[in-house]
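Report on the structure
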Amino acid sequence: MHSHFALIVGYPLWFFGLAYESIPRFSSKPLYSRKLGMLQFWLANIGLIGLSLSYPFMRMYMLKGKDTSDAFLAVIIFGLIEVISCFIFIYNIWKSMDHQGSPK
């Protein structure tokens, strides 16, 4: 589970921060939207906390032979929140690289 969280959540969060800081600085263009950046930050962290709480419960239920549907649903929901935050990040950086004017 540790490697799963490192690859799926830990390294992308590190990369998000690095990209938000360095891409506007090196491209000499402002970040497209700070609001989208904050939304992406909070969604990524909510997804991280939700996954780190729901995934162990799903695994524990599987080992005990109990119904895992509730825990699996929580893993899916928080995983989707992580995916949405990744797409917001991609959109914000893409528009920042292509942005012609003042940031929103």
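Below, the structure is looked at part by part. (Residues numbered from 1 in each chain as written. Predicted model: local features only at pLDDT ≥ 70, side-chain atom pairs only at ≥ 80, totals over all residues. Heavy atoms only, no water.)

1. Points about the side chain of Ser85
- Within the fold, Ser85 resides in helix α3 (residues 69–97).
- Of the polar contacts made by the side chain of Ser85, one reaches the backbone oxygen of Glu82; its length is 2.7 Å.
- Leave out the neighbours within four places in its chain, and Ser85 touches Gln40, Leu43 and Ala44. (Helix = DSSP H or I, 4+ residues; strand = E, 2+ residues; numbered from the N terminus. Polar contact = N/O pair within 3.5 Å; in protein donor to acceptor, adjacent residues only side chain to side chain. Contact = heavy atoms within 4.5 Å.)

2. With respect to the packing of helix α2 (residues 34–64) against α3
- Running from N to C, α2 and α3 point in directions that differ by 155°, and their axes come no closer than 7 Å. By the criterion of interaxial angle, the relationship of α2 to α3 is roughly antiparallel. In this structure, α2 meets α3 at a crossing whose hand is left-handed.
- By residue class, the composition of the contact of α2 with α3 is 21 nonpolar, nine polar and one charged. (Axes fitted to C-alpha atoms, helices over the stretch in contact; angles between N-to-C directions. Parallel < 35°, antiparallel > 145°, perpendicular 65-115°, else oblique. Left-handed = near helix turned anticlockwise from the far one by under 90°. Nonpolar A, V, L, I, M, F, W, Y, C, P; charged D, E, K, R; others polar.)

3. Looking at a nonpolar patch on the surface
- On the surface, Met38, Phe41, Trp42 and Ile46 cluster together into a nonpolar patch covering about 420 Å² of accessible area.
- Within the secondary structure layout, Trp42 lies in helix α2. (Patch = residues over 30% accessible without salt bridge, like charges linked within 9 Å, V, L, I, M, F, W, Y side chains within 5 Å. Areas by Shrake-Rupley, 256 points an atom, 1.4 Å probe, with all protein chains shown as cover. Salt bridge = Lys/Arg side-chain N within 4 Å of Asp/Glu carboxyl O.)

4. Considering unusual backbone geometry
- One non-glycine residue, Ser28, lies in the positive phi region at around 60°.
- Among the structural elements, Ser28 can be located in the loop between α1 (2–27) and α2.
- Assessed through its relative accessible area of 66%, Ser28 is described here as exposed. (Buried < 20%, exposed > 50% of the residue type's maximum accessible area, 1.4 Å probe, protein only.)

5. Regarding the side chain of Glu82
- Positionally, Glu82 belongs in helix α3.
- Despite its burial, Glu82 pairs with no opposite charge; the closest candidate is Arg34, at 20 Å N-O.
- A distance of 2.9 Å separates the side chain of Glu82 from the backbone nitrogen of Leu48, its partner in a polar contact. (Lys, Arg positive; Asp, Glu negative; His and termini not counted.)

6. Here's the deal with the environment of Ser96
- Following the sequence through the fold, Ser96 ends up in helix α3.
- Remark: the alpha-carbon pair of Ser96 and Ser27, spanning 69 residues in sequence, is separated by 8.9 Å.
- In this structure, Ser96 is in contact with Lys29, Pro30, Leu31 and Tyr32, ignoring residues within four places of it in sequence.

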